[in-house]
Amino acid sequence: LERVRTSVTGMDPANWQSAGSECSGGTPGRRNSQARTEPDFTAQMQLDAEWFTPDNDGHADLAALHYRFSQPGTLLTLRVYDAWGMPVRNLCLHQLCGIEGMVAWDGLREDGRPAPAGNYILMAEAQDAAGRQQTAKLLLSLLRRQ
């Protein structure tokens, strides 16, 4: 007998299955022939551009992070840090997201004042309903007219 899912208790009779005949009745030291894997959690997170100019001229006024998750019920945390690693703004904290969507930064700091021109890091952390996590660090340049 082989265990089907390692995430399910071994005491569950439905979690056991005879080994496949192609493996001579057993798989010691190898992956079980009847093993089922849990669904993968993948988070695709990317910026629509590497720079933006939040001057309300109708062109590149927001920095948009687009996401797509493989599982429903994903929580997203998105924080902005300056080039020295100092926190600038929390865009969302453990926000329940759909399968795909977008979160935007308008170039303002947490206190509502405009962030200065420079390079910033967007730190995205996604966690699915099973507790699996994935992170992404994205570099972004904020440009301002002199």
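What you see is a predicted model; the values in this text were computed from it and never measured.

Trainee: Explanation requested: the sheet that holds strand S5 (residues 63-69) in the structure shown.
Mentor: Each strand in a sheet pairs with its neighbour through backbone hydrogen bonds, running either in the same direction (parallel) or in the opposite one (antiparallel). Spatially, 3 strands are ordered S3-S5-S8 in an open sheet, and the strand pairing comes out antiparallel. Looking at which strands have only one partner, the edges of the open sheet turn out to be strand S3 (43-47) and strand S8 (100-105). The mean inter-strand angle of the sheet, taken between neighbouring strand axes irrespective of direction, is 20°. Both S3 and S5 contribute to a ladder of 5 bridges, which runs antiparallel. Its bridge partner being in S5, Met-45 is matched across the sheet by Tyr-67.

Trainee: Where do I start with the nonpolar core in this structure?
Mentor: In a soluble, globular protein the nonpolar side chains are often hidden away together inside. The biggest cluster of nonpolar side chains holds 26 residues, and the ones touching the most others in it are Met-45, Leu-76, Leu-78 and Trp-105. When residues of this core are traced back to their parent elements, those giving at least two are S3, S5, strand S6 (74-82), strand S7 (87-97), S8, strand S9 (118-127) and strand S10 (133-142). In this view, Leu-76 contacts Met-45, Tyr-67, Phe-69, Cys-92, Leu-93, His-94, Gln-95, Cys-97, Val-103, Ala-124, Glu-125 and Ala-126; residues no more than four positions away in its chain are not counted.

Trainee: What's the story with the sheet that holds S9 in this structure? I'm lost.
Mentor: Here we have 5 strands laid out as an open sheet, ordered S4-S10-S9-S6-S7, and mixed in their pairing. A strand with exactly one partner marks an edge of an open sheet, and here the two such strands are strand S4 (51-52) and S7.

Trainee: Honestly, the packing of aromatic side chains in this entry has me stumped. Any pointers?
Mentor: The description of an aromatic ring pair rests on the distance of the ring centres and on the angle between the ring planes. Enumeration over the complete set of coordinates arrives at 3 aromatic pairs. When the centroid spacing of 4.8 Å and the interplanar angle of 20° are considered together, the rings of Tyr-67 and Phe-69 count as stacked. When its relative accessible area of 3% is taken as the criterion, Phe-69 is described as buried. Between the aromatic rings of Trp-105 and Tyr-120, the centroid separation amounts to 5.2 Å while the plane-to-plane angle is 70°, which identifies the pairing as edge-to-face. Taken together, the positions of Trp-105 in strand S8 and Tyr-120 in strand S9 put the pair 15 residues apart, joining distant regions of the chain. We note that Trp-105, like Tyr-120, is buried. Grouping aromatic residues by their ring pairs yields a cluster made of Phe-52, Trp-105 and Tyr-120.

Trainee: Got a minute to help me understand the environment of Leu-142 in this structure?
Mentor: For Leu-142, the location among the structural elements is in strand S10. Discounting chain neighbours no more than four positions away, the residues touching Leu-142 are Phe-52, Pro-54, Trp-105, Gly-107, Ala-115, Pro-116, Ala-117, Gly-118 and Tyr-120.

Cut-off values and rules
Residues numbered from 1 in each chain as written. Predicted model: local features only at pLDDT ≥ 70, side-chain atom pairs only at ≥ 80, totals over all residues. Heavy atoms only, no water. Pairing = 2+ DSSP bridges. Helix = DSSP H or I, 4+ residues; strand = E, 2+ residues; numbered from the N terminus. Axes fitted to C-alpha atoms, helices over the stretch in contact; angles between N-to-C directions. Core = buried A, V, L, I, M, F, W, Y, C linked by side-chain atoms within 4.5 Å. Buried < 20%, exposed > 50% of the residue type's maximum accessible area, 1.4 Å probe, protein only. Contact = heavy atoms within 4.5 Å. Phe/Tyr/Trp six-rings, centres within 6.5 Å; stacked < 30°, edge-to-face > 60°.

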